[in-house]
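# Structural features, examined
What follows is the residue order along each chain.
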Amino acid sequence: MKMYLESMMIACSALLMLSGCIVSDEKLEHKVTQGMIEFEQSQGNRLEVTDLKLEKSEGGYKGVVTGRLNGTDAVYDVTVSDAGSDFDVDWELRK
């Protein structure tokens, strides 16, 4: 019985540690949009994000951001790479 309880405690501890390392979809979407908005502001632009769609892909996420850049409709292709402890976000404005 003691061995069973110890095994359950170890399994629960492992699950708690793993769940602490996983970023929720909402937090990831927020980080992506905030990063894009802040970058565009640093370039003297104004970006308003209206929609973000991310899908899990090998090594991270791929998706599309729609919004308005300086008052003009804009669509970006977004790639989010999982670099271990942090995410690397790249985006490109569709022409």
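Residues numbered from 1 in each chain as written. Predicted model: local features only at pLDDT ≥ 70, side-chain atom pairs only at ≥ 80, totals over all residues. Heavy atoms only, no water.

For the chain, the count of helices and strands is two helices and four strands. Overall, the chain shows an N-to-C arrangement of helices and strands of α-α-β-β-β-β. Within the chain, the proportion of its 95 residues that are buried is 20%. Partitioning the intrachain contacts of the chain with sequence separation of at least 6 by distance along the chain shows that 25% fall at a separation of at least 24. As displayed, the chain offers around 7,200 Å² of accessible surface, 56% of which is attributable to carbon and sulfur atoms. (Helix = DSSP H or I, 4+ residues; strand = E, 2+ residues; numbered from the N terminus. Buried < 20%, exposed > 50% of the residue type's maximum accessible area, 1.4 Å probe, protein only. Contact = heavy atoms within 4.5 Å. Areas by Shrake-Rupley, 256 points an atom, 1.4 Å probe, with all protein chains shown as cover.)

Structurally, Thr33 can be placed in helix 2 (residues 25-42). Polar side-chain contacts of Thr33 include one of 3.1 Å to the backbone oxygen of His30. Excluding residues within four positions of it along the chain, Thr33 makes contact with Val49 and Leu52. (Polar contact = N/O pair within 3.5 Å; in protein donor to acceptor, adjacent residues only side chain to side chain.)

The biggest cluster of nonpolar side chains holds 14 residues, and the ones touching the most others in it are Val32, Met36, Leu54, Tyr76, Val78 and Val80. Ignoring anything within four residues of it in the chain, the contact list for Val80 reads Leu28, Val32, Leu54, Gly59, Gly60, Tyr61, Phe87, Asp88 and Val89. (Core = buried A, V, L, I, M, F, W, Y, C linked by side-chain atoms within 4.5 Å.)

This part takes up the sheet that holds strand 1 (residues 47-57). A sheet is described by the order of its strands in space; here four strands give the open sequence 1-2-3-4, paired in antiparallel fashion. Edge strands, defined here as strands with exactly one partner in the open sheet, are strand 1 and strand 4 (87-93). When the angles between neighbouring strand axes are averaged without regard to direction, this sheet yields 20°. Relative to strand 2 (residues 60-69), strand 1 is paired through 10 bridges, and the arrangement is antiparallel. Its bridge partner lying in strand 2, Lys56 is registered against Tyr61. (Pairing = 2+ DSSP bridges. Axes fitted to C-alpha atoms, helices over the stretch in contact; angles between N-to-C directions.)

So far we have only geometry, and geometry alone does not tell us how the molecule works.
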